[in-house]
Amino acid sequence: MGHRGERASCLPLLLLLLAFCRGRVVRVPKGPLIRVMGTEVVIPCNVSDYDGPSEQNFDWEFSRETDFVRIVSTWDSTFTSEEYQKRVGHGDIKLRRSSNDAVELVIRNIQPTDQGRYKCSTPSTDATVQGNYDAEVQVKVISDGLSVSGSKARSSASLRLSEGDSFKLRCSAITTSPEHTHLHVTWQIKGGSTWRDILSLTHEGKFHPGPGYEERYRNGDIRLDTGANDTYRLSVSQASSVDGGAYRCLVSEWVRGADSSWQKIQEKSVEIASVAIQRTALGVVISTSNVSVTERDSLDLTCNITTDRSGIFQAEVLWYFSVSPDDTLSDAQVLLSVDRDSVVSDSTLISLSHVDRNSYRLLVREVDVEDSGYYFCQAAVWVPLHNGSWHKVVERTSAPVSVVVTALEPDYEVFLNASKTPKFSDDPTELNCRITNAQDTEANIRFTVSWYYRQRLRSDDVVTEELLATMDADWTLLLGDRSRERTQNGEIIFSKKTADIFSLRIQWTSESDRGDYFCVISAWSRHRNNSWVKSKDVTSASVNIFWATQDYTLTVEAVKLKPFFVAGHTFEMTCKVSSKNIKTPRYSVLITAEKPLTDQSNPNGTTRIISLNQDSVVRLEDWTDQTRVDGVVLEKVQENEFRYRMYQTQISDAGLYRCVVTAWSPGGGGMWREAVNGLSNPIQIDFQTSGPVFNVSVHSDNPTIYQGELADLLCIVTMEGMALEPGILVKLFYL
């Protein structure tokens, strides 16, 4: 708890020249404080640079002359003197804490007897007593000289006005204060439960518009003028619904304090009038409901307006067009307009006429299909102002009227046929979409085509069609996802053969292309702006592209041409091939040998010897015998027959020999597509390791030969079990 009555001087005077005296500082406003009798007075007090707890306590005392009387304390309930106990007990005098280090002394209904000196003290909580512990302020109470009043005319208490009207309200404010005070006048409106500022003339002589009234103040629609007899006049032009409500004049009195700051010493208000703004009724109706008109005829629409407005006013009408009934005005197209001075905007094929005061006729000549859409008109009512300008008081837009322009459609039929149909995969397909029996197809009509594919299923499932390609009005081809890549690769070709025939060609038809195809011929009409608009679609009957598919079959038969065979002789075999369900096949042949497991040269057992591809190009595969590079030959005898020879056979050539055949069919882009593979029966090369048995005998008709005579000998050679073949070497020896 602090201690009252303890004070301390600052450091010696010499030190004051070098530094401030540190310590507790108690502050109150600089006086005198001028306040009006009967008002509420608030005197703040705060303390800083202190030690101890953050929340400080305060004592307030009052003195009319010399002695101070205790008023109220924040911490001592017995502090209040008997003179103030009743007012403090009733709450007419109280302390209001604003923070830990600040309080406010509040005195309600201040009286002249409350004029004097007020002292705020803070009990010490410091370790050392240092600084000032109280501060005083002089309060001067003056009489209430402010008078605020409204107009004496009863008619001003309640006003009923129409939108766009102007009105003025007056109030009077005067002060007879003995002090030099200034008045602050504010006009306010109450539309709900709160008052809102409209316009103020401040105590510093400045005009200040309230929130939301800045633009109207700048435009001169809201003004505050001063007049004779201390009157303040509010002028409102172009009244709208937001101007309806109760109006009051709020006046506050201000005085400049000892610190040159402005202080509000009192405030009074008076309600002036209640203003009701009646909205101007305006009806805007197009006399015709939904309209259907034939291309190149005229469209005639009338906009009728009705209003309860009396007096002088002018109407403004605009006709709009939109492709959607939900478009806003910013999205719609303005066709024509007539302003409040009856000036009509110009157009070649559209006219707007003022039939009578309330009717405005729109006439569109030679309508096109592009004129189909929604038409609506917008009307506004303008009233004159006192300064000669015009103000728009109300604006309404009609409901849209739907207008359908029926095109003059050309008459034609569409026929689709297949000029080429596939019988096998990779055969070409060509479809022709033809326009027939065309009538009324003048120069302003243009035809384009769209191609569609639909997969045919055996079940009842519904399959949606897929767009292959379509042409827009300038014959630009737009590709669908299904055909885009193949068209870019040249596999699918879309073309226009003649003026009435469009073609679709698939260069190499695959099984995935099987299904139904149909075309749609679109007729386009040229409009006034040279744009093309689609007027009609005709769809052809579908054409089914299908061919029966059967499994490929391939048979290969190997035949050994010579049944008896010995080492050193030539081995020869043929391979005959037959196939089914393959379009114009070609064959590639590979000769393989399966060696005995004892042959260490090829532990895998099978050797690829020589091959011949579908283009009859021969290639040695795994033949590695450098001494017999030309010892194997593979040749094409006929389209389906191939012959294999191996010269100077050796014991190591023993094994099973086969023909491995691949059938190829023509594919897209000149490529060959592998169809099926086939393997022949084996042909065996087997040598007898004991060798053949030869019988040799020499015979001569003359067993006795003399020197100088010619010897005629006959050598007879036979082999057991085999016929003697040419090529056996015979040598004669003389013993």
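Residues numbered from 1 in each chain as written. Predicted model: local features only at pLDDT ≥ 70, side-chain atom pairs only at ≥ 80, totals over all residues. Heavy atoms only, no water.

An unreviewed UniProt entry lists the protein chain under the name Prostaglandin F2 receptor inhibitor, with Accipiter nisus given as the organism.

Let's shift gears to the overall build of the protein chain. Each helix and strand counted, the protein chain has 4 helices and 51 strands in total. The 735 residues of the protein chain split such that 40% are buried. A separation of at least 24 residues holds for 61% of the contacts in the protein chain among residues at least 6 apart in sequence. Working note: accessible area of the protein chain is about 41100 Å², and carbon and sulfur atoms make up 49% of it. (Helix = DSSP H or I, 4+ residues; strand = E, 2+ residues; numbered from the N terminus. Buried < 20%, exposed > 50% of the residue type's maximum accessible area, 1.4 Å probe, protein only. Contact = heavy atoms within 4.5 Å. Areas by Shrake-Rupley, 256 points an atom, 1.4 Å probe, with all protein chains shown as cover.)

Moving on, we get to the nonpolar core. In terms of nonpolar packing, the biggest core is built from 33 residues, with L299, I305, W319 and Y375 touching the most fellow members. Looking at this core, the element that brings in the most residues is strand 27 (residues 373–384), giving 5 residues. Apart from residues lying up to four places away in sequence, Y375 is in contact with I286, L299, L301, Y320, F321, L335, L362, A399, P400, V401 and V403. (Core = buried A, V, L, I, M, F, W, Y, C linked by side-chain atoms within 4.5 Å.)

This brings us to the environment of Y375. Along the chain, Y375 falls in strand 27. Assessed through its relative accessible area of 2%, Y375 is described here as buried. A polar contact of 2.8 Å, which involves the side chain of Y375, links it to the backbone oxygen of D371. (Polar contact = N/O pair within 3.5 Å; in protein donor to acceptor, adjacent residues only side chain to side chain.)

Further remarks concern empty space enclosed by the protein. What the rule picks out here adds up to 1 cavity of 30 Å³ or more. Volume-wise, the largest cavity comes out at about 30 Å³. F424, S425, Y552, N581, I582, K583, S665 and R673 together form the lining of the largest cavity. (1 Å grid on protein atoms, 1.4 Å probe; cavity = no way out; pocket = protein on both sides within 12 Å on 5 of 7 lines; lining within 4 Å. Points joined across faces, edges and corners; volume = space filled by probe spheres on them.)

G31 connects to P32 through a cis peptide bond whose omega is 5°. The residue P32 is located in the loop between strand 1 (25–27) and strand 2 (33–36) in this model. One non-glycine residue, Q238, adopts positive backbone phi at about 55°. With respect to the helices and strands, Q238 occurs in the loop between strand 17 (231–236) and strand 18 (245–256). Here E366, not a glycine, exhibits a phi torsion of approximately 50°, which is positive.

Right, let's talk about the sheet that holds strand 30 (residues 411–420) for a bit. The sheet built from 4 strands is open, its strands ordered 30-31-36-35 with antiparallel pairing. Strands at the two margins of the open sheet, each flanked by one partner only, are strand 30 and strand 35 (492–498). Strand-to-strand, the axes of this sheet are offset by a mean angle of 20°, without reference to chain direction. Of the pairings in the sheet, the one linking strand 30 to strand 31 (residues 429–439) comprises 8 bridges and is antiparallel in character. What sits directly across from N417, in strand 31, is N432. (Pairing = 2+ DSSP bridges. Axes fitted to C-alpha atoms, helices over the stretch in contact; angles between N-to-C directions.)

Another aspect to go through is the sheet that holds strand 12 (residues 167–175). Spatial strand order, 10-12-17-16: 4 strands in an open sheet with antiparallel pairing. Of all strands in the sheet, those bounded by a partner on one side alone are strand 10 (146–150) and strand 16 (222–227). When strand polarity is set aside, the average angle formed by the axes of neighbouring strands in this sheet is 20°. Pairing of strand 16 with strand 17, which is carried by 6 bridges, proceeds in the antiparallel orientation. Along strand 17, the bridge assignment pairs D225 with R233.

So, about the environment of I506. Tracing the backbone shows I506 in strand 36 (residues 501–506). On the basis of relative accessible area, I506 is assigned to the buried category, the value being 4%. Sequence spacing of I506 and I492 is 14 residues, and the spatial spacing of their C-alpha atoms is 4.6 Å. If near-sequence neighbours (up to four positions away) are discounted, I506 is found in contact with D427, P428, T429, R486, E491, I492, D513 and Y517.

Pairing of strand 2 with strand 9 (residues 134–142), which is carried by 4 bridges, proceeds in the parallel orientation. Across the sheet, V36 pairs through a bridge with I142, a residue of strand 9. Where strand 8 (residues 116–121) and strand 9 come together, 6 bridges link them in antiparallel fashion. Bridging across to strand 9, C120 finds its partner in A135.

Let's shift gears to the side chain of D516. Here D516 lies in strand 37 (residues 515–526). The class for D516 is buried, based on a relative accessible area of 8%. A polar atom in the side chain of D516 sits 2.9 Å from the side chain of N544. Each residue touching D516, except ones within four places of it in the same chain, is listed here: Y452, Y453, R454, R456, S542, V543 and N544.

Now for the confidence of the model for the protein chain. Looking at the protein chain, pLDDT values average 84 and 87% of them are 70 or higher. A low-confidence stretch, residues 1–20 stays under pLDDT 50, and its non-local contacts, those more than four residues away or across chains, total 24 contacts. (pLDDT = per-residue confidence, 0-100.)

Scanning all chains against the criterion turns up 32 salt bridges. A salt bridge links R643 to E572; the nearest nitrogen and oxygen atoms lie 3.6 Å apart. Of this pair, R643 sits in strand 46 (residues 641–646) while E572 sits in strand 41 (residues 571–580), and the two are 71 residues apart along the sequence. Ionic pairing is found between R608 and E621, a salt bridge with its closest N-O pair at 3.5 Å. Of the two residues, R608 is situated in strand 43 (residues 606–612) and E621 in the loop between strand 44 (618–620) and strand 45 (632–638); the sequence distance between them amounts to 13 residues. Accessibility expressed as a relative area gives 39% for R608, which makes it partly exposed. (Salt bridge = Lys/Arg side-chain N within 4 Å of Asp/Glu carboxyl O.)

Turning to the state of the cysteines, a few remarks are in order. Throughout the structure, instances matching the rule amount to 5 disulfides. Each sulfur of the disulfide joining C303 and C377 lies 2.0 Å from the other. Disulfide C303-C377: torsion about the S-S bond near 60°, hence right-handed. A residue pair is termed long-range when its members are at least 10 positions apart, and C303 in strand 22 (residues 299–307) and C377 in strand 27 qualify at 74 residues. We note that C303, like C377, is buried. Look at the protein chain and number its bonded cysteines as they come in the sequence; the links are 1-2, 3-4, 5-6, 7-8, 9-10. (Disulfide = S-S within 2.5 Å.)

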